[in-house]
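Inside the fold
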Amino acid sequence: MTADRRPLPFAITLAAGTSLANRTGAWRTERPVYRDLTPPCEHACPAGERVQGWLYRAETGDYEGAWRALMADNPFPAVMGRVCYHPCQTACNRGELDEAVGINAVERFLGDKAIEEGWTVPVEAAPTGRRVLVVGAGPAGLSAAYHLRLLGHEVTVADAAEQAGGMMRYGIPAYRLPRAVLDAEIARLERMGVRFDLGTLVTNLDVESAGCDAVFLAVGAQLPKRAHIPAGDSARVMEALSLLRSVAEGEPVRLGRRVVVYGGGNTAVDAARTARRLGAEDALIVYRRNRERMPAHESEVEEALAEGVRIRWLSTIAAADGDSVTVERMELGDDGFPRPTGEFETLAADAVVMAVGQDVDRRLVEDLPETEGAVAVGADFMTAAPGVFAGGDMVPSERTVTVAIGHGKRAARRIHEWLGAAAAPEPAAPPVATPADLNTWYYADAPHRVRPRLEAARRAGGFEEVVGGLDAGTALFEARRCLSCGNCFECDNCYGMCPDNAVVKLGPGRGFAIDLDHCKGCGICAAECPAGAIAMVEEPT
Amino acid sequence: MSAKAKFYQVGSFAVGNRLLDPGDRTVQSRQDRPNALTGGHRACRGCGEALGARFVQDAAVRATGGRLITVNATGCLEVFSSPFPENAWQVPWMHSLFGNAPSVASGVAYALKAKGDTQTRVLGQGGDGGTVDIGFGALSGTFERDDDVLFVCYDNEAYMNTGVQRSGATPPAARTATTPALGPAPGNAFGQGKDAARIARAHRIPYVATATVADLHDLEAKVAAAMEVRGARYLHVLVPCPLGWGTRSDETIALARLAVGTGLFPLYEARFGEVAAVTPLRRPPVPVEEYLRPQRRYAHLFTPARDDAAIARLQALADANIAEYGLEPQEES
């Protein structure tokens, strides 16, 4: 009732008052509750990047904020933006609508921007005085070193090579990852106080005698697998990894005009594309299964074919000689495995490059238990030796840079706990936001912006980077294509569409609240939330 | 290669968007929106009309700088918003009778004219019962005199307040209390009822438009456009009714969206009787079945046996609208 004390008009017995006195919230059987679901990109990221979170910042043009959010999980955005096979984009719900968000391209834009602007990450944790030795300066080792350093530990990274980077430097060709980019991101770690002990082969894994409190092993899988091919004396057969390494180190490599690469993984494709750049007129990949079953990433295969690399499917190399190889045609059995047919053919070849996979060099870890040809570790990445942890390609896992970076991060946290830190509670991730959780009517069509690619004709001429970056305008466009799956982006739909004025807008960055005195529980806010960030929860009875 | 970063790769059709210029956001997204119809009213859970009325009123308050007088016909909107002594209206608002709201609105407009007040505007409003049926003679008078009134019909396609009786706006085949789903032709008859917006156009008044609660940007733009001109204006807003349509309370917006997406409810603006602009569909037309199936008022079209003939006739109505108004989705340029 109103506090107005004016005399009431004729025939009126009660003063009029606002309807707000009527608590319609009593009608409710369900109430809306704001929630954050796990976006599928984040769920799919082997490095655990909170992709939707950093895209959200990039959407306003806050590139530094976006980069810092990204750096909380991954110290190599510029590298990632080039070599990651972006499972995030495969998982992206926008793919159901038009095309996946170009997350990888935006990541690269942010990484390059950080290098250009000289952004770095401050070590804010108090020094712990604990020392960790990281063996292997590849992605897993460097990622662990970065995260351990952020936690306040003293970190030394030892590697037998003269330069840090591991497979990022000696395996991935420069046309995919220019060395200046890699150098810049590694230099950032150095500026943060990570010490490097390069050109040193670690042979002793004893924590105490190494003068440290914990060891993280990440020496990778560098031993080429053996495939037995009868080869004549004059046959030139080399390993793909040594080829890539020699090229990376600027050593002269002579392959000849016609090069046959044996294998179907990314290393095989890299070797064939490298051969083209070294002047091979004919680079032929021989692979025993078909394209669907080829482990190499689709985009790399596409690029290789565009550069004139040829692929011979369903074939094995039976023998190699001075200027030829003999291949046998295979056929796929019902079980998906190739079977020999007994049909042979001879192809001209000046060199054969073997790329049939790598094993872990067990010399350093011969005392540690083995599993699947790799080093056995627990869920906490610790090996059978107390204080000795391992990650990356040398433990059983998918062997990609991104997986290795994820191992480094997770192992660093476990090492931190091993060194006495209280275990940080890791709350269970909320459910993944599916397309069914979204109301996609509210999203405008906005096709994916493609990164420029170097013309195929120009690629074979050298090791210039093939895939270009996005410019600022395009990166912004791409970031704004994010649907913000499962997370409120303050579109005001709940606030605007409530028939009862029962959603309270708290202001920019502060979200919304429900006025439970008046919310009738109709559920329109939840149904019309584009991002699925509201759940209807039954009222307690 | 650089792409123009549109402000709305996300949420272009949402109520607001933090990436939008504040001036380009809807009135409903504003923290300080007028809330002409505030909470505590007694509309059913998920009421489309309560939503439509606040959308229209807030946009009109904004367009007139707050100088707005509203005249309300009898109906759900009036009953649920003003059970004595409570009142949900936060704007000058008056109610007289079921059938005379357009005449009362005309009277207010003349009174303002007599007082020399050229700033204050008049908005009459009612449901489809008060507008399309009972008040239609008065409304036609307001139109033919070209009185300076915007009349808004919140169309929920039947007399919902009194228990879901058929009105002149009830669509064919819909079950109501007075058109039961019985006999050889269950539900409302085909070939009856009125297209009130079309009849309004026939008066050749300055502005006629249709809108729904599902596309707020479209609706607010039409209220603003209506307030930019003088003379008689008419806005017909489709407002789904969970009670009368037999739908879940959270489907209100989705059904209004489907009414548009099927072509059953065309969105357009007409000036002086001629269609001046249409809002084309954003996607290929949705089959009417998707709109009908969630509504219990059409349940007899699907159970116990599917009534293909009736569904086909409803589909034909949608197709005819798409053809007549040119609603086919357009390629993005």
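Everything in this summary refers to the structure shown in the same document. (Residues numbered from 1 in each chain as written. Chains lettered and ligands numbered in written order. Predicted model: local features only at pLDDT ≥ 70, side-chain atom pairs only at ≥ 80, totals over all residues. Heavy atoms only, no water.)

1. Let's talk about the interface of chain A and chain B
Where interface size is quoted, it is often the accessible area lost as the parts come together. Every contact between the two is made by 64 residues of chain A and, on the other side, 56 residues of chain B. Roughly 5000 Å² of surface becomes buried between chain A and chain B when both sides are summed, with 53% attributable to carbon and sulfur atoms. Area buried by chain A at its contact with chain B is led by W441, R480 and N501 of chain A, which between them contribute 15% of it. Along the contact surface separating chain A from chain B lie 2 salt bridges. Viewed at the interface, chain B and chain A are joined by 33 residue pairs in polar contact (both at pLDDT 80 or more). Mapped onto the side of chain A that touches chain B, the elements with two or more residues apiece are β1 (17–18), α15 (472–479), α16 (493–497), β20 (503–507) and α17 (524–528) of chain A. (Contact = heavy atoms within 4.5 Å. Buried area = accessible area lost by both parts, 1.4 Å probe. Salt bridge = Lys/Arg side-chain N within 4 Å of Asp/Glu carboxyl O. Polar contact = N/O pair within 3.5 Å; in protein donor to acceptor, adjacent residues only side chain to side chain. Helix = DSSP H or I, 4+ residues; strand = E, 2+ residues; numbered from the N terminus.)

2. Let's talk about unusual backbone geometry
Residues and elements named next belong to chain B. The amide bond that connects F84 to the next residue, P85, takes the cis arrangement and shows omega of 5 degrees. In this structure, P85 sits in the loop between α2 (76–81) and β2 (86–87). Here the residue pair T303 and P304 is connected by a cis peptide bond, since its omega of -5 degrees sits within 30 degrees of zero. The topology assignment puts P304 in the loop between α10 (288–292) and α11 (308–325). Even without being glycine, E157 reaches a positive phi, approximately 70 degrees. Residue position: E157 is located in the loop between β5 (150–155) and α6 (196–202). By relative accessible area, E157 is classed as buried at 10%. Positive phi, normally seen in glycine, also occurs at R204, with a value near 55 degrees. A residue is classified by how much of its surface remains accessible, and R204, at 52% relative accessible area, is exposed. (Buried < 20%, exposed > 50% of the residue type's maximum accessible area, 1.4 Å probe, protein only.)

3. Digging into the packing of helix α7 (residues 139–150) of chain A against helix α13 (residues 401–418) of chain A
Residues and elements named next belong to chain A. Put simply, α7 and α13 touch, their axes get as near as 7 Å, and they point 40 degrees apart. Note on packing geometry: the crossing formed by α7 with α13 is right-handed. When α7 is examined against α13, the residues P139, A140, S143, A144, H147 and L148 are found in contact with a partner set consisting of V401, A404, I405, G408, K409, A412, I415 and H416. (Axes fitted to C-alpha atoms, helices over the stretch in contact; angles between N-to-C directions. Left-handed = near helix turned anticlockwise from the far one by under 90°.)

4. As for the pattern of salt bridges
Residues and elements named next belong to chain A. Scanning the entire structure with this criterion turns up 60 salt bridges over all chains. A salt bridge links D73 to K409; its shortest N-O distance comes to 2.8 Å. Placement of D73 in the loop between α3 (63–71) and α4 (77–83) and of K409 in helix α13 is noted, with a sequence separation of 336 residues between them. The exposure classification of D73 matches that of K409, with both residues buried. Through salt bridges that share partners, R176, D270, R273, R277, E300, E303 and E307 make up one connected network.

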